[in-house]
Amino acid sequence: MSDLDDIYNSRILELAAGIPRIERLRAPGATASARSKLCGSEVTVDVAMADGRVTDYGQAVKACLLGQAAASVMGREIVGSTPAELREVAATVRAMLKEKGPPPTGRWADLAILEPVRDYRHRHDAVLIVFEAVNKAVAEIESKAAA
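Structure report, in brief. (Residues numbered from 1 in each chain as written. Predicted model: local features only at pLDDT ≥ 70, side-chain atom pairs only at ≥ 80, totals over all residues. Heavy atoms only, no water.)

What follows concerns the overall build of the protein. Within the protein one finds five helices and three strands. Over its C-alpha atoms the protein spans a radius of gyration of 14 Å, differing by no more than 12% from the 15 Å that the globule rule assigns to 147 residues. With 147 residues in all, the protein has 46% of them scored as buried. Considering only intrachain contacts with a sequence separation of at least 6, the fraction spanning at least 24 residues in the protein is 62%. If you average the places of the 19 positive and of the 20 negative side-chain charges in the protein, the two averages end up 5 Å apart. (Helix = DSSP H or I, 4+ residues; strand = E, 2+ residues; numbered from the N terminus. Rg over C-alpha atoms; globule rule 2.2 N^0.38 Å. Buried < 20%, exposed > 50% of the residue type's maximum accessible area, 1.4 Å probe, protein only. Contact = heavy atoms within 4.5 Å. Lys, Arg positive; Asp, Glu negative; His and termini not counted. Charge placed at Lys NZ, Arg CZ, Asp CG, Glu CD.)

Quick look at the structure:
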């Protein structure tokens, strides 16, 4: 089992302290929120898309250090992402935590810092809420485009 020092390390603190894109969007394509029932962490995201890619993003993060770290990576990497990529990274993080799968790679590789959280099931939702909110917003945009 991971030690708490493995989870709350200096890199987690750095990510949490530097969350990008914390300004809400004036005219998002969709807004969605997700909340951890266990710890009360909450994330609200605004997503704008064009030509099948995220063009702008804003977020309001009221979460623990783990949720803040995940939101930090999301804020840094989301612009330019496709819906398929966002679903894939969410699935990879979920599998990393819940099924001992490998961490994300490529530009999402910083999410590997959250791998020790897998040993603390009660903390999984805090990490996953930003992915849940983003995927809800992206699904709403896709639904509007299909209509």
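In this structure, strand E1 (residues 30–35) lies alongside strand E2 (residues 42–50), joined through six bridges in antiparallel fashion. Bridging from a neighbouring strand, Arg-35 pairs with Glu-42 of E2. In this antiparallel pair of consecutive strands, E1 and E2, the connection spans six residues, and Gly-40 shows a positive phi of 85°. Across nine bridges, the pairing between E2 and strand E3 (residues 53–62) is antiparallel. Its bridge partner lying in E3, Val-43 is registered against Val-61. (Pairing = 2+ DSSP bridges.)

Now for the side chain of Asp-46. Along the chain, Asp-46 falls in strand E2. Residue class for Asp-46 comes out buried when judged on its relative accessible area of 1%. Among the polar contacts listed, one links the side chain of Asp-46 to the backbone nitrogen of Leu-25, at a separation of 2.9 Å. Residues contacting Asp-46, with those up to four places away along its chain left out, are Arg-24, Leu-25, Pro-28, Ala-30, Thr-31, Asp-56, Tyr-57 and Gly-58. (Polar contact = N/O pair within 3.5 Å; in protein donor to acceptor, adjacent residues only side chain to side chain.)

To continue, consider the nonpolar core. Counting residues in hydrophobic clusters, the biggest one holds 41 residues, and the most contacted among them are Met-74, Leu-114 and Phe-131. Counting residues per element, the ones that place at least two in this core are helix H2 (10–17), E1, E2, E3, helix H3 (65–77), helix H4 (83–98) and helix H5 (124–146). Of all the elements, H5 adds the most residues to this core, at 11 residues. (Core = buried A, V, L, I, M, F, W, Y, C linked by side-chain atoms within 4.5 Å.)

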